[in-house]
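Residue-level structural notes
Listed below, chain by chain, are the residues.
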Amino acid sequence: MTTPDIAARRALGACAALMVGALTLTACGGSAKADNDDGKGGKGSPKTSTAKIAISAKDGSTGASINATGVKVSDGKLTDVKMTVAGSGQTVPGAISGDGRSWKPKERLERGTKYQISATAKDGEGRTAAANSIFTTVTSANSFIGTYTPDSGTTVGVGMPVSFTFDKSITDKKAVQSHITVNTTSGQQVVGHWFGDRRLDFRPQEYWKAGSKVTMDIDLDGVQGAQGVYGVQKKTVSFTIGRSQVSTVDAHTQTMTVVRDGQTVKTVPISAGSPQHTTYNGQMVISEKFVQTRMNGSTVGFGGEYDIPDVPHAMRLTSSGTFIHGNYWYNKGNPPFGREGTSHGCVGLADVQGAQGATSAKWFFDNSLVGDVVIVKNSPDTTVAPDNGLNGWNMSWSAWTAGSAV
């Protein structure tokens, strides 16, 4: 039989249990009244922030982009973003956009590095939201980069192709090529051609139109180039095509005719390759210029036949070592220029030691651009290989387009 006192004590115990449950609920999930009551007896907006922060690199992820990693927010504005190198705490500089909606690093991230991002934002009511992520960027072993020419902002000759050399072999050539587009204001069709599995060049059917602008969009970030190997580059490169200059070397007459914008501007006596060391025929593009450079025969298969530390006004025509350059060591009593070929395959012009003076070589150097074309004809040698330097012009258009993966 239950007495009134016992019943009262049981009722108090039940109330206490309910209160404990309510307190437990508050501790875990917040006060239902505080979240939903606007203080005036009605329903109001929740007290949790409506700002939603998205960090592009997910927490714990590996293989994060070194270009596209950043922070965005919806229904709010970022108030603070801190990015550091995990472990060392080194700060990664970055900036919040003017509208407060995004943040990105000022510099491209390093490959194979662990980073941490902490971000806070506020919604329209001033309520704070926060997000964090610790992640690792794609490693060098699992990524590829293409070294390309020409550089952005340069002015080049009409023969200059766009040329990529990748640091890893590409097996999915279609995926890679389709994420590099090259366009020109001249309206010329530009097509890519693969030389092996690491080099991709682009050019139009004919030389670029003088004065045109060329834009290259590289969108390789995250593109799989081979099994487990992804691109990391994302940028736009623009360059300008200068005046048209095409110079023709006649190995039979030992002269060079310089034609600019369709007009002959100069005929220069030269000395091409000797009968023992002939010069390649074909269309060759100037790829590098050096006021002075060392030329050592042992680096191109000639043993110790020559080693000249200060060859003046040198311009590279092939990767195998063909240059058009100044020559100051010729026989002054019997100059070869315009008379006979005496070089080891290069095209020589009269010059003086120290690269000074009003010489033929200096004139040609000063009046040449990287990307200008030098054509050699009437040499007993073969035509230069299209991939020996930037010399794809020696390939027919049908053969060039056949080497495209898209």
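Okay, so let's go over this structure. Because the structure is predicted, anything quoted here is derived from the model rather than measured.

Rules of the game
- Residues numbered from 1 in each chain as written.
- Predicted model: local features only at pLDDT ≥ 70, side-chain atom pairs only at ≥ 80, totals over all residues.
- Heavy atoms only, no water.
- Helix = DSSP H or I, 4+ residues; strand = E, 2+ residues; numbered from the N terminus.
- Contact = heavy atoms within 4.5 Å.
- Areas by Shrake-Rupley, 256 points an atom, 1.4 Å probe, with all protein chains shown as cover.
- Pairing = 2+ DSSP bridges.
- Phe/Tyr/Trp six-rings, centres within 6.5 Å; stacked < 30°, edge-to-face > 60°.
- Lys NZ or Arg CZ within 6 Å of the ring centre and 35° of its normal.
- 1 Å grid on protein atoms, 1.4 Å probe; cavity = no way out; pocket = protein on both sides within 12 Å on 5 of 7 lines; lining within 4 Å.
- Points joined across faces, edges and corners; volume = space filled by probe spheres on them.
- Buried < 20%, exposed > 50% of the residue type's maximum accessible area, 1.4 Å probe, protein only.
- Axes fitted to C-alpha atoms, helices over the stretch in contact; angles between N-to-C directions.
- Polar contact = N/O pair within 3.5 Å; in protein donor to acceptor, adjacent residues only side chain to side chain.
- Core = buried A, V, L, I, M, F, W, Y, C linked by side-chain atoms within 4.5 Å.
- Salt bridge = Lys/Arg side-chain N within 4 Å of Asp/Glu carboxyl O.

For the rest of this paragraph, the subject is the overall build of the protein. On a plain count of helices and strands, the protein comes out with 5 helices and 27 strands. Across the protein, the fraction of contacts at a sequence separation of at least 24, relative to all contacts at a separation of at least 6, is 64%. By element, 52% of the accessible surface of the protein is carried by carbon and sulfur atoms, the whole surface being about 20300 Å².

Now for the sheet that holds strand E15 (residues 213-219). Within the open sheet, the 4 strands sit side by side as E10-E18-E15-E12. Their pairing is mixed. Whereas interior strands pair on both sides, the edge strands pair on one side only; in this sheet they are strand E10 (155-156) and strand E12 (180-184).

Moving on to the packing of aromatic side chains. Applying the stated rule across the entire model yields 10 aromatic pairs. Cluster of aromatic residues (ring-pair linked, three or more members): Phe-144, Tyr-148, Phe-164, Phe-166 and Trp-194. Of note, Lys-289 hangs over the ring of Phe-365, and the distance from its end group to the ring centre comes to 4.3 Å. The ring of Tyr-330 is capped by Lys-332, whose NZ or CZ atom sits 4.3 Å from the centre of that ring.

Quick look at the layout of surface pockets now. One number sums up the size of the second largest pocket: a volume of about 290 Å³. What lines the second largest pocket is a set of 17 residues, and nearest its centre among them are Asn-327, Trp-329, Thr-342, Ser-343 and His-344.

Next up on the list: the pairing of strand E13 (residues 190-195). Burial runs high along E13: 6 of the 6 residues are buried. In this sheet, strand E14 (residues 199-204) lies alongside E13 in antiparallel orientation, the contact comprising 6 bridges. Paired with His-193 across the two strands is Asp-201, which belongs to E14. Between E13 and E14, which pair antiparallel one after the other, the connecting turn spans 3 residues, and Gly-196 there sits at a positive phi close to 75°.

Turning next to unusual backbone geometry. Residue Thr-149 is joined to Pro-150 through a cis peptide bond whose omega torsion reads 5°. A positive phi angle, near 55°, is found at Asp-75, a position not held by glycine. Inspection of the secondary structure puts Asp-75 in the loop between strand E2 (71-74) and strand E3 (77-85). Of the residues examined, Asp-75 reaches a relative accessible area of 48% and is grouped as partly exposed. Although it is not a glycine, His-313 sits at a positive phi angle of roughly 50°. Locating His-313 in the fold gives a position in strand E24 (residues 307-316).

Moving on, we get to the environment of Pro-105. Mapped onto the elements, Pro-105 comes out in strand E5 (residues 102-105). Assessed through its relative accessible area of 13%, Pro-105 is described here as buried. Ignoring sequence-local partners within four residues, the contact set of Pro-105 consists of Thr-69, Met-83, Val-92, Pro-93 and Gly-94.

Strand order in the open sheet made by the 5 strands is E21-E20-E19-E27-E22, with mixed pairing throughout. For this open sheet the edge positions go to strand E21 (263-269) and strand E22 (282-285), each flanked by a neighbour on one side alone. Averaged over all pairs of adjacent strands, the angle between strand axes in this sheet comes to 20°, irrespective of strand direction. Where strand E20 (residues 255-260) and E21 come together, 6 bridges link them in antiparallel fashion. Residue pairing for E21: Val-259 is matched across the bridge by Thr-264.

Positionally, Asp-123 belongs in the loop between strand E6 (114-122) and strand E7 (128-136). A distance of 3.0 Å separates a polar atom in the side chain of Asp-123 from the backbone nitrogen of Thr-50. Polar contacts involving the side chain of Asp-123 include one to the main-chain amide nitrogen of Arg-127, which spans 2.9 Å. Not counting the four nearest positions on each side in its chain, Asp-123 is found in contact with Thr-48, Ser-49, Thr-50, Ala-51, Asp-75 and Gly-76.

In this section: the nonpolar core. Formed by 29 residues in total, the largest nonpolar core has its most connected members in Phe-164, Phe-166, Val-176, Ile-180, Val-182, Phe-202 and Met-216. Those elements that provide at least two residues to this core are strand E11 (162-166), E12, E13, E14, E15 and strand E18 (234-241). Those residues in contact with Val-182 that sit more than four places away from it in its chain are Val-162, Val-190, Phe-202, Trp-208, Val-214, Thr-215 and Met-216. Core analysis: the second largest hydrophobic core is formed by 25 residues, Ile-53, Ile-55, Val-71 and Val-73 among them.

Moving on, we come to the environment of Lys-173. Along the chain, Lys-173 falls in helix H3 (residues 173-177). The class of Lys-173 is partly exposed, set by a relative accessible area of 27%. Remark: the alpha-carbon pair of Lys-173 and Asp-197, spanning 24 residues in sequence, is separated by 7.8 Å. Not counting chain neighbours up to four residues away, the residues in contact with Lys-173 comprise Trp-194, Gly-196, Asp-197 and Ala-405. Within the structure, Lys-173 has its side chain in polar contact with the backbone oxygen of Gly-196 (distance 3.1 Å).

Attention shifts here to the pattern of salt bridges. Evaluated as defined, the whole model comprises 6 salt bridges. Residue Arg-243 pairs with Asp-372 through a salt bridge whose shortest N-O separation is 2.8 Å. Remark: Asp-372 occurs in the loop between helix H4 (360-366) and strand E27 (373-377) and Arg-243 occurs in the loop between E18 and strand E19 (245-250); sequence separation between them is 129 residues. Asp-366 serves as the salt-bridge partner of Lys-362, at 2.7 Å between the closest nitrogen and oxygen. Remark: Asp-366 and Lys-362 occur in helix H4; sequence separation between them is 4 residues, near one turn of the helix. Residue classification places Asp-366 among the partly exposed residues on the basis of a relative accessible area of 47%.

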